[in-house]
Amino acid sequence: MEVINWAAAKLFFDILQALILAGVSIYVWWTNRTRATGTAITTANVRIDDVEKRMVNLEHQVERLPDHEDIEKLQEQMTKTNLLLAEISAGQKAMANQVNRMDDYLMNHRGTK
């Protein structure tokens, strides 16, 4: 029968245990260093949701803005309005001239009757 050297076996087991513990420690350090925490993920999700809400708001606002056709129609309507106002102004000036003539006639010929 062979005698087992228990001191050598214990030393070998201790060295093996230390190596395994060092490997597990390095693995835990590496995974914790590169892993995102739950709170970081939640914070990122909240920020993404806020940005998405803002984008939807902006899209709705942009959809309601006038496009080139609408602006061209407004320009045409403003041109027509300006022409009508010019006609009205010319008519009002002519009317004012006639009223002034009548006023002058009545003021000058009032006492002759």
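What you see is a predicted model, and the numbers here were worked out from it, not measured in a lab.

Undergrad: So what's going on with the packing of aromatic side chains? Residues and values would help.
TA: Taken as a whole and judged by the stated rule, the model has one aromatic pair. Between Trp 29 and Trp 30, the ring centres sit 6.0 Å apart and the planes meet at 55°, which makes this aromatic pair tilted. Its relative accessible area of 52% is what places Trp 29 among the exposed residues. The class for Trp 30 is partly exposed, based on a relative accessible area of 46%.

Undergrad: For the environment of Glu 63, give the residues involved together with the corresponding values.
TA: In this structure, Glu 63 sits in helix H2 (residues 38-64). Residue class for Glu 63 comes out exposed when judged on its relative accessible area of 62%. Each C-alpha atom, one on Glu 63 and one on Lys 53, is 15 Å from the other, the two residues being 10 residues apart in sequence.

Undergrad: Please provide a residue-by-residue account of the pattern of salt bridges, values included.
TA: One pass over the structure, following the stated rule, counts one salt bridge. Residue Lys 10 is joined to Asp 14 by a salt bridge in which the shortest nitrogen-to-oxygen separation is 3.2 Å. Of this pair, Lys 10 and Asp 14 both sit in helix H1 (residues 6-34), four residues apart, roughly one helical turn. You can call Lys 10 exposed: its relative accessible area is 52%.

Undergrad: So, a negative patch on the surface: which residues are in play, and what are the values?
TA: A surface patch of negative charge is lined by Asp 67, Glu 69, Asp 70, Glu 72 and Glu 76. Within the secondary structure, Asp 70 sits in helix H3 (residues 68-109). With relative accessibility at 34%, the residue Asp 70 sits in the partly exposed group.

About the cut-offs
Residues numbered from 1 in each chain as written. Predicted model: local features only at pLDDT ≥ 70, side-chain atom pairs only at ≥ 80, totals over all residues. Heavy atoms only, no water. Phe/Tyr/Trp six-rings, centres within 6.5 Å; stacked < 30°, edge-to-face > 60°. Buried < 20%, exposed > 50% of the residue type's maximum accessible area, 1.4 Å probe, protein only. Helix = DSSP H or I, 4+ residues; strand = E, 2+ residues; numbered from the N terminus. Salt bridge = Lys/Arg side-chain N within 4 Å of Asp/Glu carboxyl O. Patch = residues over 30% accessible without salt bridge, like charges linked within 9 Å, V, L, I, M, F, W, Y side chains within 5 Å. Areas by Shrake-Rupley, 256 points an atom, 1.4 Å probe, with all protein chains shown as cover. Lys, Arg positive; Asp, Glu negative; His and termini not counted. Charge placed at Lys NZ, Arg CZ, Asp CG, Glu CD.

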